[in-house]
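One letter stands for each residue in the lines below.
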Amino acid sequence: MRILALESSCDESAVAVYDDALGLLAHEIYSQVDLHRLYGGVVPELASRDHVQRLLPLVRSALAAADTTPSQLHGVAYTAGPGLIGALLTGAALGRSLAYAWNVPAVGVHHLEGHLLAPLLEPSPPPFPHLALLVSGGHTMLIDVAAAGHYVLLGETRDDAAGEAFDKSAKLLGLPYPGGPELAKLAMQGRASRFDFPRPMLDRAGLEFSFSGLKTAVSLAVKAQSTSGALSDDTRADIAAGVQEAIVETLVTKTLRALDDTGYEAIVVAGGVGANRLLRQRLDGAAARRGAKVFYPRIEFCTDNAAMIAVAGMARLKAGSRETDAIRARAQWPLMELAPLG
Ligand code: KG4
Ligand code: ZN
């Protein structure tokens, strides 16, 4: 069975062709980073308009790269939520229409299920059950994954997501959008010990996160250090290292707590912040000391892409999920509302 998949929930236009026997045949991605950089963040209307221009050419090039004609396709999957509603609708309209024209089923995929199942594309996929740490620009969640499609929320953030904490701190340091990877790069030259930023909720039992206090602390540190003009390069790097340290330590500590609670031996890290090197290093080390193993998507599939939408879409199509003829997308869509798979 072979399907086409589209992703357009935020600022990446992406298309993939996936075959359940042969694996990933092609994936194309166009990042709108340059378009939004001028504004310091994603401008939803510009994102939607750009998806409209990019998606169809990406479909053509992905099909060509996969040496696939529409008659060889058995379904079309597209991200139906959560995300920016205008951006989602561009992918939903195109995906639903292509499926209609090609007379194959369409399935709307939950973006976070895509992130959670992305490690299944790797040569050594994670076993089930496992614990998932989902850390993206909009979400920070610890999830008990008994099987694909069986998700139980163990804890989540009460305010900002981990990615948001990276992005907002980066902005305070004057780094360009998207801030997370830029802050991580700057942190490599800094000393993490100079600034002691808060580790929110670490002193409390449970698996909840809170990152909104971090940006206040960073803002105060930036102000305190800027009294004699602009921040020095060293100070900026030290603040970046301190922020990264605080976020990573918080994520690792809570993840280990959840690992102990569940008794599982495998952890999946999904979402854009999963690309962070320090997080990977710390979590690998800490998990290994407990006899557990951490599974990640390859770096390019940590951030938004259509390959992960294809994996989730294939699983949903095989389980019988079908869209009606209507073009539907949801800006808000709790992961726990998904019907179990199989
Ligand atoms: O999953 P994703 O691509 O989009 C959402 O669904 O939100 O995640 C994007 C988030 C952004 O906040 C970005 O700054 C962060 O992931 N991110 C990183 C790194 N790469 C991406 N944060 C820290 N270190 C990185 N290397
Ligand atoms: Zn995402």
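In this convention, every chain numbers its residues from 1, walking through the sequence in written order. As a convention, the first chain written is A and the first ligand written is 1, with the rest following in written order. The predicted nature of this model means local features are confined to residues of pLDDT at least 70 and side-chain atom pairs, given and counted, to a pLDDT of 80 or more, with totals for whole chains, interfaces and linings taken over all residues. No hydrogens and no water enter the side-chain calculation; it runs on all heavy atoms of the structure.

Asker: How do you make sense of the coordination of the zinc ion (ligand 2) when you look at a structure like this?
Answerer: Between any two of four tetrahedral donors, the ideal angle at the metal is 109.5 degrees; between two of six octahedral donors, it is 90 or 180 degrees. Distances up to 2.8 Å from the metal define which N, O and S atoms are donors, and 3.2 Å serves for Na, K and Ca; water is absent from the atom set, so sites may look incomplete. Distances from the zinc ion (ligand 2) to its protein donors, His111 (NE2), His115 (NE2) and Asp304 (OD), fall at 2.0 to 2.1 Å. Each of the four donor atoms around the zinc ion (ligand 2) contributes to a set of angles spanning 93 to 137 degrees, which defines the coordination as irregular. Geometry is assigned from the angles between donors: four donors with all angles from 85 to 135 degrees make a tetrahedral site, four or six donors whose opposite pairs exceed 155 degrees while the rest stay between 65 and 115 make square planar or octahedral sites respectively, and everything else is labelled irregular.

Asker: Explain the nonpolar core to me, please; I cannot follow it from the model alone.
Answerer: Nonpolar side chains in soluble globular proteins tend to end up buried together. In this text, buried Ala, Val, Leu, Ile, Met, Phe, Trp, Tyr and Cys residues form a nonpolar core when linked through side-chain atoms within 4.5 Å. Burial status follows relative accessibility: with a 1.4 Å probe on protein chains alone, a residue under 20% of its type maximum counts as buried, one over 50% as exposed, and anything between as partly exposed. Residues Leu4, Val15, Val59, Ile143 and Tyr151 are the most contacted members of the largest nonpolar core, which totals 57 residues. When we break this core down by domain, the ones giving at least three residues each are domain 1 (2-117 + 303-337) and domain 2 (127-296). Setting aside chain neighbours within four positions, we find Val15 in contact with Leu4, Ala5, Leu6, Ala26, His27, Glu28, Leu55, Leu58, Val59, Ala62 and Ala306. One finds Ala162, Ala237, Val243 and Val248 within the second-largest nonpolar core, a separate group that totals 49 residues. The split of the chain into domains comes from an automatic or database domain assignment. By definition in these notes, contact holds between two residues if any of their heavy atoms fall within 4.5 Å.

Asker: Can you walk me through the sheet that holds strand β9 (residues 266-270) in this structure?
Answerer: Within a sheet, each strand pairs with its neighbour through backbone hydrogen bonds, oriented either parallel or antiparallel. Should DSSP find at least two bridges between two strands, the strands are taken to pair. Helix and strand definitions follow DSSP, with helices as H or I runs of at least four residues and strands as E runs of at least two, each counted in order from the N terminus. With mixed pairing, the five strands of this open sheet are ordered in space as β8-β7-β6-β9-β10. Of all the strands in the sheet, just β8 (150-156) and β10 (293-295) have a single pairing partner and so form its edges. Each strand axis lies, on average, 25 degrees off the axis of its neighbour in the sheet, ignoring direction. Relative to β9, strand β6 (residues 130-135) is paired through four bridges, and the arrangement is parallel. Under this scheme, a helix contributes an axis fitted over its contacting stretch, all axes are lines through C-alpha atoms, and angles between N-to-C directions fall in the 0 to 180 degree range.

Read these as spatial facts, not as claims about activity.
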